[in-house]
Amino acid sequence: MTGIRMRRAARACLAGVVVAGTLLLAACSNDPLADQYLSGDSKNYIAGDGTVTEIEPESRQDGVDFAGTTAEGESVSQADYTGQVVVLNFWYASCAPCRVEAPALAKLSEKYDGEGASFLGVNVRDQAPQAISFEETYGIVYPSVIDTDGALQLAFSGDVSPNAVPTTLVIDKQGRVAARILGQVSEPSILDTLIRDTIAESS
């Protein structure tokens, strides 16, 4: 598709996770579900394959005016992020690859705090208590919208819809999807580059 570039992120083996950051291993070392996923024993779990899709600015769809309520009961919408890049991560607490990638997302969110990009989780399955417990366990300080009715998933349906969990979308300053990682963020440096490049785009 013109204007859309796709590449497959290499699956992270144990050594690759160490290179990406020992924080990933530390967070998963006492997490049987995450350990099971890292060992390759997926127990019929089906997720995205790590494909990275980048969309050139001239080929992006119209901006999405999303809204929702966070696990803490606060209202949030696209208007809250005017002029910023937004990283949307679709997840739920018992999703093994979501647990594996969580420390990397937490670290990147801290890196970009006040630097032109904000993170927002989209919990597709849990109620607020489960979501908050996950955030506390993995050091997630950015909010997550509770999307059990699928409203945000539907809002972002299209050529780069979040049709696997986890999925991470990078939203440009006009509210348009600039990039998607379909599946686990196994290489945080790739997401880091996508965020940095999207911030650098002219408004």
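Within every chain, residues take consecutive numbers counted from 1 along the sequence as written. Given that this is a predicted model, residues contribute local features only at a pLDDT of at least 70 and side-chain atom pairs are listed and counted only at 80 or more, while totals for whole chains, interfaces and linings are drawn from all residues. Neither water nor hydrogens contribute to the side-chain values; these are computed over all heavy atoms in the structure.

Engineer: Could you clarify how one ought to interpret the packing of aromatic side chains in this entry?
Structural biologist: Note on ring pairs: Phe, Tyr and Trp rings are taken, using the six-membered ring of Trp, and paired if centres are within 6.5 Å. Classes follow the plane angle, with under 30 degrees stacked, over 60 edge-to-face and the rest tilted. The final tally for this structure, using the stated rule, is 5 aromatic pairs. Here the aromatic rings of F66 and Y81 are separated by 6.4 Å at their centres, their planes lie at 35°, and the arrangement is tilted. One end of the pair, F66, is in the loop between β2 (51–55) and β3 (67–69); the other, Y81, is in the loop between β4 (75–77) and β5 (85–91), with 15 residues separating them in the sequence. For the pair formed by F66 and Y81, the shared burial category is buried. Between F66 and F156 the ring centres are 5.9 Å apart and the planes differ by 45°, which places this aromatic pair in the tilted class. Separated by 90 residues along the polypeptide, F66 in the loop between β2 and β3 and F156 in the loop between α6 (151–155) and β8 (167–171) bring together distant segments of the chain. The residues F66 and F156 share a single accessibility class, namely buried. The structure contains a cluster of three or more aromatic residues connected by ring pairs, namely F66, Y81 and F156. To qualify as a helix, a DSSP run of H or I must reach at least 4 residues; to qualify as a strand, a run of E must reach at least 2; elements of each kind are numbered from the N terminus. Only protein chains enter the accessibility calculation, which uses a 1.4 Å probe; a residue whose area is less than 20% of its type maximum is buried, one above 50% is exposed, and one in between is partly exposed.

Engineer: What should I look at first to understand the pairing of strand β9 (residues 177–182) in this one?
Structural biologist: Each regular strand displays side chains that alternate between the two surfaces of the sheet. With 6 of its 6 residues buried, β9 lies for the most part within the structure. Strands pair, by our definition, only if DSSP identifies at least two bridges between them. With 4 bridges joining them, β2 and β9 adopt antiparallel strand pairing. Looking at the pairing, V52 lines up with I181 of β9. For β8 and β9, the ladder comprises 5 bridges, and the chain directions are antiparallel. Within the sheet, the bridge partner assigned to L169 lies in β9 and is R180.

Engineer: Help me out: how do you make sense of the confidence of the model for the protein in this one?
Structural biologist: The predicted coordinates of low-pLDDT regions are not to be read in fine detail. What pLDDT conveys is the predictor's confidence in a given residue, as a value from 0 to 100. A residue-level look at the protein finds 76% of positions with pLDDT of 70 or above and a mean pLDDT of 83. In this analysis, two residues are considered to be in contact whenever any of their non-hydrogen atoms come within 4.5 Å of each other. Every residue in residues 8–29 scores below 50 in pLDDT, and together they form 35 contacts with partners more than four places removed in sequence or on other chains. Note that residues 36–45 has pLDDT below 50 and, in this model, 15 contacts with residues that lie over four places away or in other chains.

Engineer: Explain the environment of I199 to me, please; I cannot follow it from the model alone.
Structural biologist: The residue I199 is located in helix α7 (residues 188–200) in this model. Each C-alpha atom, one on I199 and one on A117, is 7.2 Å from the other, the two residues being 82 residues apart in sequence. Each residue touching I199, except ones within four places of it in the same chain, is listed here: V85, Y112, E115, G116, A117 and K173.

Engineer: How should the packing of helix α4 (residues 96–112) against α7 be read in this particular structure?
Structural biologist: Packed helices, taken two at a time, are described by the angle between their axes plus the distance between the axes. Where helices are involved, their axes are fitted lines through C-alpha atoms of the stretch in contact, as for all axes, and angles between N-to-C directions lie from 0 to 180°. Here α4 crosses α7 at 30°, and the two axes come no closer than 11 Å. In terms of axis orientation, α4 runs roughly parallel to α7. Our pair here, α4 against α7, has a crossing hand that is right-handed. Of the residues in α7, those touching α4 at A104, L105, L108, K111 and Y112 are P188, L191, D192, I195, R196 and I199. Oblique is the label for any angle not covered by the other classes, which are roughly parallel (under 35 degrees), roughly antiparallel (over 145) and roughly perpendicular (65 to 115). Two helices cross in a left-handed way if the nearer one is turned anticlockwise from the farther one by less than a right angle. They cross in a right-handed way if the turn is clockwise.

Engineer: Which parts of the structure should I look at to understand helix α5 (residues 128–138)?
Structural biologist: Listing the buried residues of α5 in full gives A131, F134, E135 and Y138. Burial along α5 is one-sided: seen end-on, the buried residues are contained in an arc of 100°. For α5, exposure combined with an orientation more than 90 degrees from the buried face picks out P129, E136 and T137. With its phi angle positive at about 70°, G139 sits one or two positions after the end of α5. Arc, as used here, means the arc of the directions from the helix axis to the C-beta atoms.

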